[in-house]
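Examination of the molecular architecture
Now for the letters of each chain:
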Amino acid sequence: LEVTTTATTTPVTRDLTTFYMYRAQSDNDYAFENVNAANLPGLLWYLEHEVVFPQCPRHYNITRILRFKVSIKTPVLFQ
């Protein structure tokens, strides 16, 4: 992808970064919009400290971990 800025006609290329995000969720399906997601260490910490250890049954009825592959482009201002 090439983006030209107003200050110059030199094209600025933006790098594509791809990574995984994880979400602990119940059996209900929700759109991946305005929801909490984390990296894998953060999700495991959350499961250990907030979901499994302190309560039985599990907090928020969490039964599964969803993995999302996310791709973003670096904004031109940050290059």
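Right above here is the structure, for reference.
Before going into details, it helps to say that this report is about the structure given with it. Along every chain, residues carry numbers that run from 1 in the direction the sequence is written. It should be noted that, the model being predicted, local features are given only for residues of pLDDT at least 70 and side-chain atom pairs only at 80 or more, the latter also being counted only at that level, while totals for whole chains, interfaces and linings use all residues. Hydrogens and waters are ignored; side-chain quantities use all the structure's heavy atoms.

Brief notes about the environment of N36
- Position of N36 relative to the elements: it lies in the loop between β3 (16–25) and α1 (40–52).
- Counting along the chain gives 13 residues from N36 to R23, while the straight-line C-alpha distance between them is 6.8 Å. Strands are runs of DSSP state E lasting at least 2 residues, helices are runs of H or I lasting at least 4, and numbering of each runs from the N terminus.

Details of the pattern of salt bridges
- The term salt bridge refers to a side-chain nitrogen of Lys or Arg lying within 4 Å of a carboxyl oxygen of Asp or Glu. Under the defined criterion, the tally for this structure stands at one salt bridge.
- Between R64 and D29 there is a salt bridge, with the nearest N and O atoms lying 2.6 Å from each other. Of the two residues, R64 is situated in strand β4 (residues 64–73) and D29 in the loop between β3 and α1; the sequence distance between them amounts to 35 residues.
- Buried, partly exposed and exposed residues are distinguished by accessible area as a fraction of the type maximum, computed with a 1.4 Å probe on protein chains only: under 20%, between the cut-offs, and over 50%, respectively. Overall, D29 belongs to the exposed group, its relative accessible area being 64%.

Describing the side chain of R23
- Relative to the assigned elements, R23 resides in strand β3.
- Buried within the structure, R23 lacks any salt-bridge partner; its nearest side chain of opposite charge belongs to D29, at an N-O separation of 9.2 Å.
- Think of a polar contact as two N or O atoms within 3.5 Å of one another; within protein, one of them needs to be a possible hydrogen donor and the other a possible acceptor, and neighboring residues in sequence only count if both atoms come from side chains. Polar side-chain contacts of R23 include one of 2.9 Å to the side chain of Q25.
- When sequence neighbours within four positions are dropped, the list of residues in contact with R23 reads Y30, V35, N36, L43, R64, I65, L66 and F68. Positive charges are assigned to Lys and Arg, negative charges to Asp and Glu, while His and the chain termini are left out of the count. The contact criterion used throughout is that any non-hydrogen atoms of two residues lie within 4.5 Å.

Everything listed here is a matter of geometry and, on its own, says nothing about what the molecule does.
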